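Fold and geometry: a report
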Amino acid sequence: MPSSVGHALAGAAAAWCADLVPGDRGWRTAPPTASWYRRAGNGLTVLCAGVAAAPDLDLLFGSHRRFTHSVGAVLLVGTVAAIAAVRVRRPAIRVALMCAGAYATHLLLDWLAADSIPPYGLRAFWPFSNTWVISGWDLFRQTERRHFLSRPAIWINLQAIAQELVIVGPVAVAVWLIRVKALARFSAEMPCGDHSAK
Ligand SMILES: [Zn+2]
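These numbers come from a predicted model, not from an experiment.

1. Some remarks on the coordination of the zinc ion
- Around the zinc ion, the protein contributes the donor atoms Asp-56 (OD), His-69 (NE2), His-106 (NE2) and Asp-110 (OD), at 2.0 to 2.2 Å from the metal centre.
- Geometry at the zinc ion is irregular, judged from the 4 donor atoms that bind it and their angles of 89 to 170 degrees at the metal.
- Read in sequence order, the donor residues for the zinc ion give the motif D-x12-H-x36-H-x3-D. Note that Asp-56 is positioned in the loop between helix H3 (42-53) and helix H4 (71-87) and His-69 in the loop between H3 and H4, a separation of 13 residues in sequence.
- Look at His-69 and you get buried, because its relative accessible area is 0%.

2. Examining the pattern of salt bridges
- One pass over the full model with this rule turns up 5 salt bridges.
- When the shortest N-O distance is used, the salt bridge between Arg-179 and Asp-19 registers 2.6 Å. Highlighted residues: Arg-179 in helix H6 (residues 151-189) and Asp-19 in the loop between helix H1 (4-18) and helix H2 (36-39), separated in sequence by 160 residues. No difference in accessibility class separates Arg-179 from Asp-19, as the two residues are buried.
- A salt bridge links Asp-56 to Arg-145; the shortest N-O distance between them is 3.2 Å. Taken together, the positions of Asp-56 in the loop between H3 and H4 and Arg-145 in the loop between helix H5 (92-112) and H6 put the pair 89 residues apart, joining distant regions of the chain.

3. Let's talk about the nonpolar core
- Counting residues in each nonpolar core, the largest one holds 23 residues, and the members touching the most others are Leu-44, Cys-48, Val-95, Met-98, Cys-99, Ala-102 and Tyr-103.
- Counting residues per element, this core draws most heavily on H5, which supplies 7 residues.
- If we skip the residues at most four places from it in the chain, Leu-44 touches Trp-27, Arg-28, Val-95, Met-98 and Cys-99.

So, how was this worked out
- Residues numbered from 1 in each chain as written.
- Predicted model: local features only at pLDDT ≥ 70, side-chain atom pairs only at ≥ 80, totals over all residues.
- Heavy atoms only, no water.
- Donors = N, O, S within 2.8 Å, 3.2 Å for Na, K, Ca; no water.
- Tetrahedral: all angles 85-135°; square planar, octahedral: opposite > 155°, others 65-115°.
- Helix = DSSP H or I, 4+ residues; strand = E, 2+ residues; numbered from the N terminus.
- Buried < 20%, exposed > 50% of the residue type's maximum accessible area, 1.4 Å probe, protein only.
- Salt bridge = Lys/Arg side-chain N within 4 Å of Asp/Glu carboxyl O.
- Core = buried A, V, L, I, M, F, W, Y, C linked by side-chain atoms within 4.5 Å.
- Contact = heavy atoms within 4.5 Å.

Structural data, given as structure tokens:
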């Protein structure tokens with residue numbers, strides 16, 4: 001299964017993908033002179049990166065790749081994100097799509113990855129099905145999460161992270177470049193000193 005680095009990068013790319021959907025999205029950008037953090041979508045993009053890595057927190061509870069790695073969890077994340085968005089007066093459907101999409105990338109990457117520990121794959125279709133699914137394509141390497149501070153584990157995980165960056169990195173960069181073009185109209189309308197990002 002991929003590392004948290006690959007998952008987080010995919011989550012940020014999912015947030016930027018959601019920014020390509022037409023509608024109320026001017027608040028997602030900032031003037032060209034603003035910081036990278038603001039232009040990348042502020043804390044919500046960082047949140048999406050965290051949301052995309054979050055399913056593996058189930059390792060702490062000894063129930064790995066079950067309910068947390070399912071379409072049911074994706075729907076739950078989308079619902080919670082929509083409620084939170086309404087409370088802070090942001091577009092609920094857009095924020096829900098962004099967070100649920102980021103979470104769903106975790107399922108996709110795990111499905112595409114190598115898995116050497118049975119049962120293989122994830123319960124992606126829970127609660128509709130308890131079947132474990134995996135593509136068998138081994139696109140991402142198996143990471144080592146036991147004794148991860150040992151020298152062999154560090155070497156295995158560094159190789160896995162490098163491969164994730166090679167595969168997910170170009171996708172993230174491409175989405176970023178398309179997003180910059182798509183949001184240029186909004187950022188050009190903002191005064192340089194505008195920090196409201198409306
Ligand atoms: Zn996972």
